[in-house]
Every structure is written in structure tokens, then in C-alpha cells.
Amino acid sequence: PSGQDHRFCDIITRRVSEGRSLGCCKFDIAWHLYSRQICCSRSDLGRSPQATLLRRSGVMRRMSRAYHVSREEGRSLSDGEERPYASMYLQQFVSVLGNVKSAARPTLQHPRRSPEETGPSLTRRVAIAVNPFPARYPIGTRCHAPKIRMSKTIAPGSQVRKKWTAPWPTFAILIMIFATVFLTETCEASWPYTAQKDGFSIQADFPLQPYERLIYEIYLQRAEISNTLKISPSNEKIDIYLFAKRSTYEQYMRHYFPTVSPRRAMFIKSNSPGNVFAYASQEFDVDLRHESTHAILHAALPMVPLWLDEGLAEYFEQPANKRAFDNTYLSQVRKLVRWQRPPSLKRLESLTSIDEMGATEYRQAWAWVHFMLHGPPAARQTLVDYFQSVQKHQPPRQLGDALSANVPNLEQAFADHFRRWHR
């Protein structure tokens, strides 16, 4: 435990021994700290014999129940009837942490039964060294150490009614059915704002009315991409999840996709329909168009090379009236082709991981896509033939080799395209 743990421990020990009340904030924080240390069986403290006895004796379970009840009622553990029990449990934590320097250290044990007791006793008691409330909770007489009773003793010879227990397979099946139905309804009802059209299903935690035009553009993107690349559109459903705050978005992604590197917006697809995730940042419209392009391409095509996938997403992330002439990459590429050779297609085709795609690679991928869509007709036809082969599940040639074969003097044609490209 840290120094902060020890400070809370000292405060609680002193206040309990003096019979004073415990502050709400410090009491609850201390409970968090100590329960975390005690419950973690992998920590040094959690492996101690005292911590093991604490877990087995039911102290943690009773304290957790009292804590959650008090939090649901909007109060602290030190404000209600759980205060004596909470004080006792924290005494146990204090003793385990080694901060009680009294000669009579508290021990965790089941008290022996007196000779008057006959028959089995079903009560577990925990002995402690301090009774902070002697007037209201008198010390018991049958325990070797002062104690606070935590449960009622079942009298010897009394009958105990057994609860009906369902066979384990039946019980497990009922739990699975209930959990499936309940979680499905909860997940569907947890998104307050939804919209569905043309194979897109949008769920958001903020009103969608201010973004109606953007959502309409997303709906049109499927037809635009299909017409531009001459591919057959897919009817596969695309789910889009939108968040108002970055913190909510990151928390959601960490929970459901803990192995994925965080980005401002993401497209994820495994064996299910494509999922798009984004939050309302300053580049929200660009991010949503970009990731939706990925979703549309992968819904219609079995495979898209990484560089071409990102290049097309960079192209279609702009509104339709700005894609050809107003992309910020255009002026950068014009300057580069004046003094440098065109970017190497072979290098782009060798990239296999998104982590290898930096700002330079995104710009180069966009430049080749722009060249194929607005450059020589042979370049555009090469791109169309490539995607038609992919959609038919026929292994295509490398796009770089196909362009070199169909476009004479490819590098010079690339440079001339951007030098002459003006509105």
C-alpha cells in the first residue's frame, strides 16, 4: 500500500478508537483502497493469511453489500445503520495493513462454542480488538475476544428450511437465455438517437438533427463510390456509432476493443458487418466520410490493398464539390513533382500495416488515386479493371505493374497531370 493508504488507515483508526464519526469522503475512499488491496489475491497484501481469512469470513461480502446500499441511497457508510459494521470491517483492514500498534492485535477466527452449546452452530463470527460502540452493541460473552454480532445464531435443534435448487444444466440455460434477451434489449435501448436508411444504421448519444446534411451525404456515398469505380454496390448493413464526447468514445473503444490502437475515428470489420466509430470532433464530417468509405469498399469487395484503401478514403472524405480541386494535398503534390520524382508505387504496395501509414504515405496514396480518377483515360480504365477482377474473386495483377503496362511513361504522365491540373 502507498503512503496515502497508510494516512487513511491512521485517520480511521484514531477516529474509531476515540468514538468519533468518520467523514464521508475519507471513509468511502478508504473502503475503495483497502478492498482493492484485500481482494487482489495477486498482490503481496492479498496473499497474506489475514487477507485470505478476511475473504473467507464473509467480511468483504457484507461490507460490499453495505457499501452499495449506502451509495444507492446517496449517503456515506458513516451516516447510516451500517456504521458499526463498517467500522469493524475497517478495523480488520487496519490490522491486516499492520498500522494498529496495540499489543492486543485483532485476530480472525471462529470462536469456540461454550459447553452450554450443543448441536451445530451455523454462525460465523469475527473477533476484533476494539468495540467502538459498547452502549449500543455490547460485547458478547461467548467469544474469546470482544466482538460485534453480524448475524443471528440458529438455535440448536431448530429446523432449517432448505431452498429449492434447480439442476445445474437447467439453471445455466435459463441464465444464458435471460442474459441474452436482457443484454440485447439493453444495448438497443442504450442509444437515444438512431437513424436507418439504405443499409446504414446510425446510433448516437446526441441529437442527429444538426447533422442531417452530413448523414444524407453518407447515404449517397455508396452510389457515388459504386459509380466512380464501376463496382456493384453491396446490400450489406453498415453500423455507425457516434459519440458526443471523446472521453465516452475512448472508454467505449477500450472496453470492446482493448487491443486496437486508439484513433480519432475507426472502421472495424472481422466476420460481421462493418462498424464505424467516431466522436464529434472538429473534423467530425471528414472522419465520418473517411471511415464510411472504408465500410462501403469492404462491404462490396473481398479485398482492398491498404494503400489504395486509404487513398480512396482520403479522396472521398471531402464533399463531392471539393474532391477534384480543393483537397489540401493538391498544392503539396504540385510542389513535390517540380523537384522530385513521383512517389514509388512499389513501396506503397509493400505496406501491410496501418502503423506504416504516415502523413507522407497518406498523401502519396491520395495522389495516385487522384491521378487514376482524373488523369489519362488509360489510368482510370486500369483502376476499373482492377476492381472488377477483385469483385469477381479473380487474382488481379499488381496495380503498379498494370499502370506501367497501360500508361506510357508513367512517372512523366503523373508529374504532367499535377502540373496542368487547374480548375
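Because the structure is predicted, anything quoted here is derived from the model rather than measured.

Requested: an account of the nonpolar core, with residues and values cited.
Within the largest apolar cluster, 66 residues are counted, with the highest numbers of intra-cluster contacts made by Leu242, Leu308, Phe371 and Phe387. The element best represented in this core is helix H13 (residues 359-374), accounting for nine residues. Every residue in contact with Phe371, bar those within four places of it in the chain, is listed here: Pro376, Ala379, Val407, Leu410, Ala413, Phe414, His417 and Phe418. With nine residues, the next largest nonpolar core counts Phe243, Tyr249, Met253 and Tyr279 among its residues.

An account of the packing of H13 against helix H14 (residues 377-391) is requested, with residue identities and associated values reported.
It is the contact of H13 with H14, at a shortest axis distance of 6 Å, that shows an interaxial angle of 105 degrees. Put simply, H13 runs roughly perpendicular to H14. Together, Phe371, Met372 and Leu373 of H13 and Ala379, Arg380 and Leu383 of H14 make up the contact between the two elements. Of the residues in the contact of H13 with H14, the class split is five nonpolar, no polar and one charged.

Let's hear about the packing of aromatic side chains: which residues, and what values?
Enumeration over the complete set of coordinates arrives at 23 aromatic pairs. Ring centres 5.4 Å apart and planes at 65 degrees place the aromatic pair Trp191 and Phe243 in the edge-to-face group. In this pair, Trp191 sits in the loop between helix H6 (168-189) and strand E1 (193-197) while Phe243 sits in strand E3 (residues 238-243), placing the two residues 52 residues apart along the sequence. Both residues of the pair, Trp191 and Phe243, count as buried. Where Trp368 meets Phe414, the ring centres are 4.4 Å apart and the plane angle is 40 degrees; that geometry is what we call tilted. Of the two residues, Trp368 is situated in helix H13 and Phe414 in helix H16 (residues 410-420); the sequence distance between them amounts to 46 residues. Both residues of the pair, Trp368 and Phe414, count as buried. Taken together, the ring pairs connect Trp191, Tyr241, Phe243, Tyr249, Tyr252, Tyr256, Phe257, Phe277 and Tyr279 into an aromatic cluster.

Break down the packing of helix H9 (residues 284-300) against helix H10 (residues 306-316) for me, citing the residues and quoting the values.
Packed helix pairs are specified by the crossing angle of their axes together with the interaxial distance, meaning the distance between the axes. It is at 8 Å that the axes of H9 and H10 come closest, and there the two elements cross at 130 degrees. Here H10 runs oblique to H9, going by the angle between their axes. For the element pair H9 and H10, the recorded crossing hand is right-handed. Contact residues: H9 offers Arg289, His290, Thr293, His294, Leu297 and His298, while H10 offers Asp309, Glu310, Leu312, Ala313, Glu314 and Phe316. Tallied by class, residues from the contact of H9 with H10 come to four nonpolar, four polar and four charged.

Can you break down the side chain of Thr228 residue by residue, with the values?
In this structure, Thr228 sits in helix H7 (residues 212-229). Within polar-contact distance, the side chain of Thr228 engages the backbone oxygen of Glu224 at 2.7 Å. In contact with Thr228, not counting residues within four places along its chain, are Phe316, Leu373 and Arg380.

Lay out the sheet that holds strand E2 (residues 200-204) in plain terms, naming residues and giving numbers.
If you trace the five strands from one edge of the open sheet to the other, you get E1-E2-E3-E5-E4, paired in mixed fashion. A single partner strand is all that each edge strand has here, and the edge strands are E1 and strand E4 (265-268). Averaged over all pairs of adjacent strands, the angle between strand axes in this sheet comes to 15 degrees, irrespective of strand direction. Strand direction decides the pairing type here: E3 and strand E5 (residues 275-279), joined by five bridges, are parallel. If you follow Ile240 over to E5, its bridge partner there is Val276.

I'd like a rundown of the pairing of E5, residues and numbers included.
Most of E5 is tucked away, with five of its five residues classed as buried. By the alternation rule, side chains of E5 split into Asn275, Phe277 and Tyr279 and Val276 and Ala278, which are all buried. Counting the residues in the hairpin turn of E4 and E5 gives six residues.

Go over unusual backbone geometry, please, and point to the residues and values.
A positive phi is found at His393, a non-glycine position, where the angle reads about 60 degrees. Given a relative accessible area of 63%, His393 falls into the exposed group. Phi is positive for Asn409, close to 50 degrees, though the residue is something other than glycine. By secondary structure assignment, the location of Asn409 is in the loop between helix H15 (399-406) and H16. You can call Asn409 exposed: its relative accessible area is 56%.

Give me H15: which residues, what numbers.
All buried positions along H15 are accounted for by Leu399, Gly400, Ala402 and Leu403. Looking straight down H15, one finds that the buried residues subtend no more than 160 degrees of arc, so they occupy a single side. Buried residues belonging to H15 abut H10, helix H12 (345-349), H13, H14 and H16.

Can you explain the pattern of salt bridges? Please cite residues and give values.
A side chain of one charge can pair with a side chain of the opposite charge when the charged atoms of the two come close. Within this structure, the stated rule accounts for twelve salt bridges. Overlapping salt bridges bring together Glu217, Asp285 and Arg289 as one network.

Could you give an account of the environment of Glu314, naming the residues involved and the relevant values?
Tracing the backbone through its elements, the reader meets Glu314 in helix H10. In the structure, Glu314 is positioned 21 residues away from Thr293 in sequence and 8.9 Å away in space, judged by C-alpha atoms. Those residues in contact with Glu314, other than ones at most four positions away along the chain, are His290, Asn327, Tyr329, Tyr362 and Trp366. Of the polar contacts made by the side chain of Glu314, one reaches the side chain of Tyr329; its length is 3.0 Å.

Basis of the calculations
- Residues numbered from 1 in each chain as written.
- Predicted model: local features only at pLDDT ≥ 70, side-chain atom pairs only at ≥ 80, totals over all residues.
- Heavy atoms only, no water.
- Core = buried A, V, L, I, M, F, W, Y, C linked by side-chain atoms within 4.5 Å.
- Buried < 20%, exposed > 50% of the residue type's maximum accessible area, 1.4 Å probe, protein only.
- Helix = DSSP H or I, 4+ residues; strand = E, 2+ residues; numbered from the N terminus.
- Contact = heavy atoms within 4.5 Å.
- Axes fitted to C-alpha atoms, helices over the stretch in contact; angles between N-to-C directions.
- Parallel < 35°, antiparallel > 145°, perpendicular 65-115°, else oblique.
- Nonpolar A, V, L, I, M, F, W, Y, C, P; charged D, E, K, R; others polar.
- Phe/Tyr/Trp six-rings, centres within 6.5 Å; stacked < 30°, edge-to-face > 60°.
- Left-handed = near helix turned anticlockwise from the far one by under 90°.
- Polar contact = N/O pair within 3.5 Å; in protein donor to acceptor, adjacent residues only side chain to side chain.
- Pairing = 2+ DSSP bridges.
- Arc of directions from axis to C-beta.
- Salt bridge = Lys/Arg side-chain N within 4 Å of Asp/Glu carboxyl O.

Spatial relationships are all this shows, so hold off on functional conclusions.
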